[in-house]
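Given next are the chains, with one letter for each unit.
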Amino acid sequence: MSKPTATGNERRALPEDAKDRKALKLAETTDLSQGQARELIEKHGIDSPELEKEAKRFKAEG
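To keep things clear, this report deals only with the structure shown in the data block.

Here is what the cut-offs are and how they apply
Residues numbered from 1 in each chain as written. Predicted model: local features only at pLDDT ≥ 70, side-chain atom pairs only at ≥ 80, totals over all residues. Heavy atoms only, no water. Helix = DSSP H or I, 4+ residues; strand = E, 2+ residues; numbered from the N terminus. Contact = heavy atoms within 4.5 Å. Core = buried A, V, L, I, M, F, W, Y, C linked by side-chain atoms within 4.5 Å. Buried < 20%, exposed > 50% of the residue type's maximum accessible area, 1.4 Å probe, protein only. Axes fitted to C-alpha atoms, helices over the stretch in contact; angles between N-to-C directions. Parallel < 35°, antiparallel > 145°, perpendicular 65-115°, else oblique. Left-handed = near helix turned anticlockwise from the far one by under 90°. Nonpolar A, V, L, I, M, F, W, Y, C, P; charged D, E, K, R; others polar.

**Remarks on the environment of Lys59**
Consideration 1: Here Lys59 shows up in helix H3 (residues 51-61).
Consideration 2: Other than its neighbours up to four places away in sequence, Lys59 contacts Thr30, Asp31 and Leu32.

Printed below as a string of structure tokens:
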């Protein structure tokens, strides 16, 4: 059996604690709740260049 090949579009699975740390940091720097920050991380990825921009936009709309 062959393993599926990576296309570069897959998100790398990170330990939950890494996502939690990123969510906490994002919440502190953008004034979002940690839950809102985690939601954005799930949607855009932890290393997305758009993550902080989306966080600021999310806060402005909310």
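**Describing the nonpolar core**
Among soluble globular proteins, nonpolar side chains are generally buried collectively.
Consideration 1: In this structure, Ala23, Leu26, Ala27, Leu32, Ala37, Leu40, Ile41, Ile46, Leu51 and Ala55 together form the largest nonpolar core, which totals 10 residues.
Consideration 2: For this core, the secondary structure elements donating two or more residues are helix H1 (16-30), helix H2 (34-44) and H3.
Consideration 3: Other than its neighbours up to four places away in sequence, Ala23 contacts Gln34, Ala37, Arg38 and Ile41.

**Here's the deal with the packing of H1 against H2**
Consideration 1: For the pair H1 and H2, interaxial distance at closest approach is 8 Å and the crossing angle is 120 degrees. In terms of their interaxial angle, H1 and H2 are classed as oblique. Where H1 crosses over H2, the two elements pack in a sense that is right-handed. Residues Glu16, Lys19, Asp20, Lys22, Ala23, Leu24, Leu26 and Ala27 of H1 lie in contact with H2, whose contacting residues are Gln34, Ala37, Arg38, Ile41 and Glu42.
Consideration 2: Across the contact of H1 with H2, the residue classes tally to 6 nonpolar, 1 polar and 6 charged.

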